[in-house]
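Okay, here's what each chain looks like letter by letter:
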Amino acid sequence: MALRVAVVGATGNVGRELLNIMDERNFPADEVHAVASRRSVGREVSWGDRKLKCQALDDFDFSKVDVVLMSAGGTLSKQWAEKIGKAGAIVIDNSSAWRMDPDVPLVVPEVNGADVMDYGKKNIIANPNCSTAQLVMALKPLHDAAGIKRVVVSTYQSVSGAGKAGMDELWNQTKGIFVNDSPEPEEFSRQIAFNAIPMIGSFMDDGFTDEEAKMWNETHKMIDPNIKLTVTCVRVPVFVGHSESVNIEFEDAITPEQAREVLRNFDGVQVIDNPEDDQYITAIDCAGEWDTFVSRIRKDPTVEHGLSLWVVADNLRKGAALNTVQIAEELIKRGVLKAEAVDA
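Residues numbered from 1 in each chain as written. Predicted model: local features only at pLDDT ≥ 70, side-chain atom pairs only at ≥ 80, totals over all residues. Heavy atoms only, no water.

Asks: Tell me what's going on with the pairing of strand β4 (residues 50-53), and back it up with residues and numbers.
Replies: For strand β3 (residues 44-47) and β4, the ladder comprises four bridges, and the chain directions are antiparallel. Bridging across to β4, Val45 finds its partner in Leu52. (Pairing = 2+ DSSP bridges. Helix = DSSP H or I, 4+ residues; strand = E, 2+ residues; numbered from the N terminus.)

What follows is the structure, given as structure tokens:
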């Protein structure tokens, strides 16, 4: 038996990537429906070598599908996800709308895959923020090995995290600067071309942004609420791929060599870290890849048990679309969704 799937938000960056990844991983879908806003009705999107015509969200009958991969933004998710769940489909949502709902599991399968079994209260499973997803991939095995006390994170987040409009703004500003006709910022608060903006999301009363709060709240929910975590999120002029500088203080001793071994043995993580041969990963290197990459693992001599490291991943993939598909695969492995075995 193969699955019936609807992809909501199929015309967006993440929606298109969802369809690509389903094809790449031979996801066992017999039917795939592309669903989007009414203005996108009839537009075609690709699922492998097949073309799907978009159907209107308002008119779609969700009782005829088993699982809905949703990447249509928080407002639409709040409006639709529970309705879809009541119609019988399991919703895997990529927005921030449900992540901190106590009745909705927040899942990165390699980190806390068993939590998918808590889907039943609302038939919704949440996908974490893109920057959180790659962070917890690095933190989880290290926390299991030596116990994390405190983490300081600085992110270098690509413009694709702001959608197609963000990518277009970087492209147009970059071109414009060379002809003395740079467009004014619209998607971002400042010029993004040749710049770094230390603000993503909206400022809160404590001076942090909601993007920064997402990272510590989601890490606490998925790994351990006792980890102390402070974050600065920065938007940089990179099209795809989020990078993070991560400083960790541990309860127990752990050497860089031990950390490399622990990370190498964790599913979905690759360690590329050889300073003598100039080996480390950048955002361009990880674009199009499934894994989370860790480099520059080194001792922090300012605390008793400390390490610093560099974490990079394709935010449209592990940070969004890939993780969403992996959650569906986890439901298959655990017998919740009935389908043939997934060829990963």
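Asks: I'd love a proper account of the packing of helix α4 (residues 130-146) against helix α7 (residues 256-264), names of residues and values included.
Replies: Following both chains from N to C, one finds α4 and α7 inclined at 120 degrees, their axes separated by 9 Å at the closest point. Between α4 and α7, the angle is such that the two are oblique. Seen along the crossing, α4 lies across α7 with a hand that is right-handed. The residues of α7 that touch α4, namely those facing Ala138, Pro141, Leu142 and Ala145, are Ala259, Val262 and Leu263. (Axes fitted to C-alpha atoms, helices over the stretch in contact; angles between N-to-C directions. Parallel < 35°, antiparallel > 145°, perpendicular 65-115°, else oblique. Left-handed = near helix turned anticlockwise from the far one by under 90°. Contact = heavy atoms within 4.5 Å.)

Asks: So, the layout of surface pockets: which residues are in play, and what are the values?
Replies: Reported here for the largest pocket is a volume of approximately 1200 Å³. Lining of the largest pocket is provided by 49 residues; of these, Ser71, Gly73, Gly161, Ala162 and Gly163 occupy positions nearest its centre. Elements with a contribution of two residues or more to the lining of the largest pocket: α1 (13-24), α2 (74-86), α6 (210-222) and α9 (317-333). Element by element, the count of residues in the lining of the largest pocket is highest for α1, at four residues. Of the residues contributing to the lining of the largest pocket, the split by class is 16 nonpolar, 23 polar and ten charged. (1 Å grid on protein atoms, 1.4 Å probe; cavity = no way out; pocket = protein on both sides within 12 Å on 5 of 7 lines; lining within 4 Å. Points joined across faces, edges and corners; volume = space filled by probe spheres on them. Nonpolar A, V, L, I, M, F, W, Y, C, P; charged D, E, K, R; others polar.)

Asks: Describe the environment of Ala72, and please don't skip the residues or the numbers.
Replies: When you line up the elements, Ala72 lands in the loop between β6 (67-70) and α2. With relative accessibility at 26%, the residue Ala72 sits in the partly exposed group. Beyond its immediate stretch of four places on either side in the chain, Ala72 contacts Val8 and Gly9. (Buried < 20%, exposed > 50% of the residue type's maximum accessible area, 1.4 Å probe, protein only.)

Asks: Give a description of the sheet that holds strand β10 (residues 228-235) that names residues and reports values.
Replies: Sheet architecture is open: six strands sit in the order β10-β9-β11-β14-β13-β12, paired in mixed fashion. Among the strands making up the open sheet, the edge pair consists of β10 and β12 (269-271). Pairwise comparison of adjacent strand axes, ignoring direction, gives a mean angle of 20 degrees for this sheet. Across three bridges, β12 lies against strand β13 (residues 292-299) in parallel orientation. By the bridge assignment for β13, Val271 is matched with Val294.

Asks: Report on the pairing of strand β11 (residues 242-250), specifying residues and quantitative values.
Replies: Where strand β9 (residues 148-157) lies against β11, eight bridges are found, and the strand directions are antiparallel. By the bridge assignment for β11, Arg150 is matched with Glu249. Direction of pairing for β11 relative to strand β14 (residues 306-313): antiparallel, over a ladder of eight bridges. Across the sheet, residue Asn247 finds its bridge partner in β14, namely Ser308.

Asks: Talk me through α9; I want residue IDs and the actual numbers.
Replies: Given 3.6 residues per turn, any residue in an α-helix points the same way as the ones three and four places further on. If you check α9, its first and last C-alpha atoms are just 21 Å apart, much less than what 17 residues at 1.5 Å a residue would give, namely 24 Å. By the criterion of burial, α9 is predominantly enclosed, with 16 of the 17 residues buried. One or two positions beyond α9, positive phi appears at Gly335, with a value near 80 degrees. (Expected span 1.5 Å × (residues − 1).)

Asks: Give me the lowdown on the packing of α1 against α9, citing residues and values where you can.
Replies: Across the interface, α1 lies against α9 with an axial gap of 9 Å and an inter-helix angle of 55 degrees. As the angle between them shows, α1 and α9 are arranged oblique. Relative to α9, the crossing made by α1 is right-handed. For the pair formed by α1 and α9, the contact residues are Val14, Glu17, Leu18, Ile21, Met22 and Glu24 on the first element and Arg317, Ala320, Ala321, Leu322, Thr324 and Val325 on the second. For the contact of α1 with α9, the per-class residue count stands at eight nonpolar, one polar and three charged.

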